[in-house]
Amino acid sequence: MSGRELLRASDSVGRLGGDEFAVVLSGLSSPDEATTVAEKIVDAVSTPINVDGHEFQIGCSIGIAVAPVHGTEPTQLLQRADVAMYVAKAGEASVAVYTPAADVARIARLALIGELRQAIVGEQLVLHYQPIIDLRTGELARVEALVRWNHPTRGLVMPDDFIPTAEQAGIIMPLTTWALRDALRQSRLWHSEGINIPVAVNISAQTLHDPRLVATVEEWYAGPTTPGPLELEITESAVLSDPDAAVVVLARLVAKGVRIAIDDFGTGYSSLAQLKRLPVHSVKVDKSFVAEMHTDRRDASIVQTVIHLSHTLGLDVVAEGVETEKAADHLTRLGCDYGQGWHFGVALPAVDMTAVLLNSAQSRDRDELESF
């Protein structure tokens, strides 16, 4: 059943902008009745659809405000329904009814968005770099750039505390673009110091499909000082939002020498078989499978299967969230190529990572000399 079939002739549906819609239901006497209709709409929208032989599934979040309980003016009701919608987005349920307490959270959220916008242009964001280790040799093989917010009063804020807000507020693209440019700047600096280490950067779905992405990479690679190797990490959902366009963009990036990795693999709807048409080099196994792998047979089987099929497709495998030596040993026995996590090292500021990289290069040089 479609969403339209769930509504009556007296009900109204209108698009507010972007992916937001308003539904006006008349003659309802309580929030419970509105919730029942909203849940049916969620079920209808979530029904998988088939497009050219590919199955897609989308979701939605619905916020509810009921007159006269939550107000009588249309603008006020719409505003409070919007507040409830963000409560639904932030929680596990897809439907939420407005409560006065949600307004407090809304004010805090709006303040956070304003601060984050300023942080992007005000040099409050910084990149830390986490090592990725070659499990076969134990050497530092590449680093991943991870964004941090150096908040003026809250101190160093981790990405989990502001990235979801940036995505919901529609400012993830400038944030990602900043991170990419700063990582390329640091990569160029390392390259000039004789450190030729691949740098991985996470790319949001919006940035992947932004026509300026390829131009940004081309601009930096065309500079007088060449940056080191670049790897872009994209999620399965970023590809699935427009697979054909993603293939074109990724192919152009690969032609420029960029490596592509599928991040958090196993948490989305795609499969390794679908990776055949994508020009990717690596698969990153999500940490949720790695954490309990040595005690949970199902997780271990999933990791082993991903490693085997990835190698069959000519892709290397990076395991995320490696926090113990036991997990590292288990991954090595399974034939995993690379590991990343606290066991190998936390994310460090650029100056500290520079020292680590220089020390790693010197140790490698000594080993090579001793082998003669």
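Scroll up to find the structure.
First things first, this report covers the structure right here in the doc. Worth saying up front: this structure is predicted, and the values here are computed from it rather than measured.

To continue, consider the side chain of Thr207. Among the secondary structure elements, Thr207 is positioned in helix α6 (residues 205-208). Within the structure, the side chain of Thr207 is placed 2.8 Å from the side chain of Ser204, a separation counted as a polar contact. Dropping the residues within four chain positions of it, Thr207 is found in contact with Met173, Thr176, Thr177 and Leu213.

Here the focus is the packing of aromatic side chains. For any two aromatic rings, the description comes down to two numbers: the centre-to-centre distance and the angle of the planes. Counted according to the given criterion, the structure contains 2 aromatic pairs. Aromatic side chains Tyr129 and Trp190 sit 5.0 Å apart centroid to centroid with 65° between the ring planes, which places their arrangement in the edge-to-face category. Remark: Trp190 occurs in helix α5 (residues 172-192) and Tyr129 occurs in strand β7 (residues 125-134); sequence separation between them is 61 residues. Between Trp149 and Phe162, the aromatic rings sit 5.7 Å apart at their centres with planes inclined by 80°, giving edge-to-face as the arrangement. Taken as a pair, Trp149 in strand β8 (residues 140-151) and Phe162 in the loop between β9 (155-157) and α4 (163-169) lie far apart in primary sequence, 13 residues in all. Taken individually, Trp149 and Phe162 each receive the classification buried, so the pair is uniform in this respect. In this structure, Arg136 packs its charged tip against the face of Tyr338, placed 5.2 Å from the ring centre. When the ring centre of Tyr338 is taken as reference, the NZ or CZ atom of Arg142 above it lies at 4.3 Å.

Let's shift gears to the environment of Thr153. Counting through the fold element by element, Thr153 comes out in the loop between β8 and β9. Using a relative accessible area of 69% as the deciding quantity, one classes Thr153 as exposed. Expressed as a C-alpha distance, the spacing of Thr153 and Pro198, which sit 45 residues apart in the sequence, is 34 Å.

Before going further, it helps to spend a moment on a nonpolar patch on the surface. Taken together, the side chains of Val13, Phe21 and Val23 define a hydrophobic patch exposed on the protein surface, amounting to about 290 Å² of accessible area. Looking at where Val23 falls in the secondary structure, it is placed in strand β2 (residues 20-24).

This part takes up the side chain of His128. Summarising the element assignment, His128 is placed in strand β7. With relative accessibility at 10%, the residue His128 sits in the buried group. Discounting residues that sit within four places of it in the chain, His128 has contacts with Glu144, Ala145, Leu146, Arg148, Leu156, Ala347, Leu348 and Pro349.

The subject of this paragraph is helix α9 (residues 243-255). With 13 residues, α9 ought to run about 18 Å at 1.5 Å a step, and its terminal C-alpha atoms sit 18 Å apart, in line with that. Those residues of α9 not exposed but buried are Pro243, Ala246, Val249, Leu250 and Leu253. Taken end-on, α9 shows its buried residues confined to a sector of 125°, consistent with a single buried face. α9 presents Asp244 and Ala255 as exposed residues on the side facing more than 90 degrees away from its buried surface. Note on α9: the residue one or two positions beyond its end, Gly257, has a positive phi of about 100°.

Turning our eyes to something else, we now look at helix α11 (residues 297-312). With 16 residues, α11 extends 22 Å from end C-alpha to end C-alpha; this agrees with the ideal 22 Å at 1.5 Å per step. The set of residues buried in α11 consists of Asp299, Ala300, Val303, Val306, Ile307 and Ser310. For α11, the angular spread of the buried residues around the axis is 130°, confining them to a single face. For α11, the exposed residues lying more than 90 degrees away from the buried face are Arg297, Arg298, His308 and Thr312. Lining the buried residues of α11 we find β12 (259-265), β13 (282-285), α10 (287-290), β14 (316-319) and α12 (325-334). Backbone nitrogen of Arg298 and a side-chain oxygen of the N-cap are separated by 2.9 Å at the start of α11; the cap is Asp296. Immediately downstream of α11, the backbone of Gly314 shows phi near 80°, a positive value.

The tally for this structure, following the rule as stated, stands at 16 salt bridges. The residue Asp337 makes a salt bridge to Arg136 at a minimum N-O spacing of 3.3 Å. Of this pair, Asp337 sits in the loop between α12 and β15 (338-339) while Arg136 sits in the loop between β7 and β8, placing them 201 residues apart in sequence. The salt bridge involving Asp316 is made with Arg259; its shortest N-O contact spans 3.0 Å. In this pair, Asp316 is assigned in strand β14 and Arg259 in strand β12, connecting sequence segments 57 residues apart. One continuous salt-bridge network, built from bridges that share partners, spans Arg142, Glu231, Arg259 and Asp316.

About the cut-offs
- Residues numbered from 1 in each chain as written.
- Predicted model: local features only at pLDDT ≥ 70, side-chain atom pairs only at ≥ 80, totals over all residues.
- Heavy atoms only, no water.
- Helix = DSSP H or I, 4+ residues; strand = E, 2+ residues; numbered from the N terminus.
- Polar contact = N/O pair within 3.5 Å; in protein donor to acceptor, adjacent residues only side chain to side chain.
- Contact = heavy atoms within 4.5 Å.
- Phe/Tyr/Trp six-rings, centres within 6.5 Å; stacked < 30°, edge-to-face > 60°.
- Buried < 20%, exposed > 50% of the residue type's maximum accessible area, 1.4 Å probe, protein only.
- Lys NZ or Arg CZ within 6 Å of the ring centre and 35° of its normal.
- Patch = residues over 30% accessible without salt bridge, like charges linked within 9 Å, V, L, I, M, F, W, Y side chains within 5 Å.
- Areas by Shrake-Rupley, 256 points an atom, 1.4 Å probe, with all protein chains shown as cover.
- Salt bridge = Lys/Arg side-chain N within 4 Å of Asp/Glu carboxyl O.
- Expected span 1.5 Å × (residues − 1).
- Arc of directions from axis to C-beta.

The values reported here are purely geometric and, on their own, carry no functional implication.
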